[in-house]
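Observations on chain architecture
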Amino acid sequence: MSDLGPVNPGFAGDAAWLRHWRLRPDGEPVTTASSRLIPVQTSDGVPAMLKLAHTDEEERGAGLLVALAGHGAARVLAHSDEALLLERATGSRDLVRMVADGGDDQATRTICAAAGRIHAASALVLERAEPPELIDLPTWFRELFAAADGLGALHRRGADIAQALLDAPRDPVVLHGDLHHGNVLDFGERGWLAIDPKGLVGEAGFDYCNLLCNPSPERALRPGRLERQFDVVVEASGIEQARLARWLVAWCALSSTWFAIDDDPRRAASAAAIGERAASLLSA
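Below you will find a few notes about this structure.

Examining the pairing of strand S5 (residues 76–80)
Two faces belong to every sheet, and in a regular strand the side chains alternate between them. With 4 of 5 residues buried, S5 is to be regarded as a mostly interior element. The sheet contact formed by S5 and strand S6 (residues 83–87) spans 4 bridges and is antiparallel. Across the sheet, the residue bridging to His79 is Leu84, located in S6. Once S5 ends, the chain turns through 2 residues before running back antiparallel as S6, passing Asp81 with a positive phi of about 55 degrees.

As for a negative patch on the surface
Together, Asp56, Glu59, Asp81, Glu82 and Glu133 make up a region of like negative charge exposed at the surface. Within the element layout of this structure, Glu82 appears in the loop between S5 and S6.

Overview of helix H2 (residues 56–68)
For H2, with 13 residues, the first-to-last C-alpha span of 19 Å sits near the 18 Å given by 1.5 Å per residue. Residues of H2 that are buried: Glu58, Arg60, Gly61, Ala62, Leu64, Leu65, Ala67 and Leu68. A positive phi of about 55 degrees marks Ala69, the residue just after H2.

A closer look at the packing of aromatic side chains
Inspection of every chain in the model, using the stated rule, returns 8 aromatic pairs. Their ring planes at 80 degrees and their centres at 5.5 Å tell us that Trp140 and Trp258 sit as a pair that is edge-to-face. With Trp140 in helix H6 (residues 137–140) and Trp258 in helix H11 (residues 241–261), this pair connects stretches of sequence that are 118 residues apart. Through pairs of rings, three or more aromatic residues link up here, namely Trp140, Phe141, Phe145, Phe206, Trp247, Trp251 and Trp258.

Notes on the pattern of salt bridges
Oppositely charged side chains can pair when the atoms bearing their charge come close. Scanning the entire structure with this criterion turns up 14 salt bridges. Here Lys198 ties to Glu57 by a salt bridge, and the two come within 2.6 Å at their closest N and O atoms. One end of the pair, Lys198, is in the loop between strand S10 (192–194) and strand S11 (200–203); the other, Glu57, is in helix H2, and 141 residues separate them in sequence. One salt-bridge network, in which partners are shared between bridges, spans Lys51, Glu58 and Asp196.

Criteria and thresholds
- Residues numbered from 1 in each chain as written.
- Predicted model: local features only at pLDDT ≥ 70, side-chain atom pairs only at ≥ 80, totals over all residues.
- Heavy atoms only, no water.
- Buried < 20%, exposed > 50% of the residue type's maximum accessible area, 1.4 Å probe, protein only.
- Helix = DSSP H or I, 4+ residues; strand = E, 2+ residues; numbered from the N terminus.
- Pairing = 2+ DSSP bridges.
- Patch = residues over 30% accessible without salt bridge, like charges linked within 9 Å, V, L, I, M, F, W, Y side chains within 5 Å.
- Areas by Shrake-Rupley, 256 points an atom, 1.4 Å probe, with all protein chains shown as cover.
- Salt bridge = Lys/Arg side-chain N within 4 Å of Asp/Glu carboxyl O.
- Lys, Arg positive; Asp, Glu negative; His and termini not counted.
- Charge placed at Lys NZ, Arg CZ, Asp CG, Glu CD.
- Expected span 1.5 Å × (residues − 1).
- Phe/Tyr/Trp six-rings, centres within 6.5 Å; stacked < 30°, edge-to-face > 60°.

Function cannot be inferred from these measures alone, as they are strictly geometric.
Right, here's the structure in full:
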């Protein structure tokens, strides 16, 4: 299915986009703070997902998905304005369940593989005649830099580490920006693919950090778990161990800062605790 052009400005809501792309509802819609997701079938009977963005961040992620053209991520079937029609994940496998069933290492390698495919498609994205809008990592870390002194020692240390990393950047690639066990899905014959990218650009090591804090803080903080999965990521990604450890501390400080800004002290503390654990890897 190709883009049929902009929807009539007078249309509003789900029904307008369903008519616009001749879609049939195929499940219950889900509404989040950032988007509305509607399982559908195309006129040809193909399972798809209609996503209506509510934020600029979601629209930026949609632009990256279009540019990736299915490399490591869900394929876009059509797009226009705030609406995105994606191929739907219909496979039965689930990475959160895989971890619960004892497949933690396998889940980590699966996410690393998806990240690698996205990074390998960087030239495809960045050399487009009209490349998508992407946010650089110095901008992405701005809240940490602004808030670090008012939070904790981990935040100050994370900010200093982040600044040092950003002052000596490695070759930039396209980054997903939010890779974890709920954002890499089973697409059947197409394999494991990522959804919901943030649309960033920067050093590849950054993209492997969030998965180490997931699928839950409780899992991430189990004795020995972070250290083991860190080694799995180093082996699967080829990222230098010392460099990845520094990115991980910086990421945890940033994540904790966002939760603090959102007035969620419990999750802010969990992210900081993972960061403290990660700091032990700096001298490992």
